Amino acid sequence: MADQDDFDTGLSTVELATELTVAWLSNSNNRVNADDAPSFLQRMHDTVLGLSSNKAAGPTQEYIPAMSVRKSLASRNHIISMIDGEPYKTLRRHLATNGMTPDEYRTRYGLKADYPMVAPAYSESRSAMAKTIGLGRKPGQTIAAKGDAKPTRKGKAAETND
């Protein structure tokens, strides 16, 4: 009996369809004739049955990677996508065009949380470029002064040493 199947809510399909119908009919914005209520209830019940059967029958799709994890990370200059087998310096834009986030990508192919999204050589070159233009330093600080800078104490302790 399909009508007696329990959902996560603990209600049968008939009870769930009835509650949904009552909620819809009790909305003051809906103007429904009393003769239309039984047909609406029947359509609601058919819809709930259809959704419950799709829920049980919908197996998760198995994704087959284009290559192994080891091969995808073999080069320092690029990472090979598991989706299409093409090399990329960074996977973020490629994943976005395929409608995925990095976490979804890692989950889909069973990758570890630390699987990189950027090729090591590309990451190093971007880091070196950022350092040459001065990112990561405090304003007014030069590159030589950053390494030689030692904290100095100002105040009463500095005055007493003089």
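Residues numbered from 1 in each chain as written. Predicted model: local features only at pLDDT ≥ 70, side-chain atom pairs only at ≥ 80, totals over all residues. Heavy atoms only, no water.

Asker: An account of the overall build of the chain is requested, with residue identities and associated values reported.
Answerer: Across its full length, the chain holds 8 helices and 2 strands. Starting at the N terminus and walking to the C terminus, you meet the elements of the chain as α-α-α-β-β-α-α-α-α-α. Out of the 162 residues in the chain, the part that is buried amounts to 19%. When contacts within the chain are restricted to residue pairs at least 6 apart in sequence, long-range pairs at least 24 apart make up 42% of them. With an accessible surface of roughly 12,500 Å², the chain has 54% of that area assigned to carbon and sulfur atoms. (Helix = DSSP H or I, 4+ residues; strand = E, 2+ residues; numbered from the N terminus. Buried < 20%, exposed > 50% of the residue type's maximum accessible area, 1.4 Å probe, protein only. Contact = heavy atoms within 4.5 Å. Areas by Shrake-Rupley, 256 points an atom, 1.4 Å probe, with all protein chains shown as cover.)

Asker: Go over the packing of aromatic side chains, please, and point to the residues and values.
Answerer: On inspection of all chains with the given rule, the structure shows 2 aromatic pairs. Each ring, one from Tyr-105 and one from Tyr-109, has its centre 5.5 Å from the other, and the planes form 65 degrees; the classification is edge-to-face. Judged by its relative accessible area of 0%, Tyr-105 is buried. Judged by its relative accessible area of 13%, Tyr-109 is buried. Consider the rings of Tyr-105 and Tyr-115, whose centres lie 6.3 Å apart with planes at 50 degrees: the pair is tilted. Taken together, the residues span a long stretch of sequence, with Tyr-105 in helix α5 (residues 102-108) and Tyr-115 in the loop between α5 and α6 (120-132) at a distance of 10 residues. (Phe/Tyr/Trp six-rings, centres within 6.5 Å; stacked < 30°, edge-to-face > 60°.)

Asker: Describe the nonpolar core, with residues and values.
Answerer: The biggest cluster of nonpolar side chains holds 11 residues, and these are Ile-79, Met-82, Leu-91, Leu-95, Met-100, Tyr-105, Tyr-109, Leu-111, Tyr-115, Met-117 and Ala-119. Beyond its immediate stretch of four places on either side in the chain, Leu-111 contacts Val-69, Met-82, Tyr-105 and Arg-106. (Core = buried A, V, L, I, M, F, W, Y, C linked by side-chain atoms within 4.5 Å.)

Asker: Tell me what's going on with the pattern of salt bridges, and back it up with residues and numbers.
Answerer: For the structure on display, the rule yields 2 salt bridges. In this structure, Glu-124 and Arg-76 form a salt bridge, with 2.6 Å as the shortest nitrogen-oxygen distance. Linking Glu-124 in helix α6 with Arg-76 in the loop between α3 (69-72) and β1 (79-80), this pair joins segments that are 48 residues apart in sequence. With relative accessibility at 46%, the residue Glu-124 sits in the partly exposed group. Where Asp-103 meets Arg-106, a salt bridge forms, and the shortest distance between an N and an O atom there is 3.6 Å. With a gap of 3 residues between them, Asp-103 and Arg-106 both fall in helix α5, about one helical turn apart. The exposure class of Asp-103 is exposed, given its relative accessible area of 55%. Here Arg-106 falls in the buried class, since its relative accessible area comes to 14%. (Salt bridge = Lys/Arg side-chain N within 4 Å of Asp/Glu carboxyl O.)

Asker: How would you sum up the side chain of His-94? Please name residues and give values.
Answerer: Tracing the sequence through the fold places His-94 in helix α4 (residues 92-97). Taking the relative accessible area as the measure of exposure, His-94 reaches 8% and is therefore buried. A distance of 3.2 Å separates the side chain of His-94 from the side chain of Tyr-88, its partner in a polar contact. Excluding residues that lie within four positions of it along the chain, His-94 makes contacts with Ser-81, Ile-83, Asp-84 and Tyr-88. (Polar contact = N/O pair within 3.5 Å; in protein donor to acceptor, adjacent residues only side chain to side chain.)

Asker: Tell me about the confidence of the model for the chain, and please be specific about residues and values.
Answerer: Here the chain averages 80 in pLDDT, while 77% of its residues score no lower than 70. In the predicted structure, residues 1-7 sits below a pLDDT of 50 and forms 17 contacts with residues beyond four places in sequence or in another chain. (pLDDT = per-residue confidence, 0-100.)

Asker: Quick rundown of the environment of His-45? Include the residues and the values.
Answerer: Mapped onto the elements, His-45 comes out in helix α2 (residues 37-57). On a C-alpha basis, the gap between His-45 and Val-14 in space is 6.3 Å, while along the polypeptide they are 31 residues apart.

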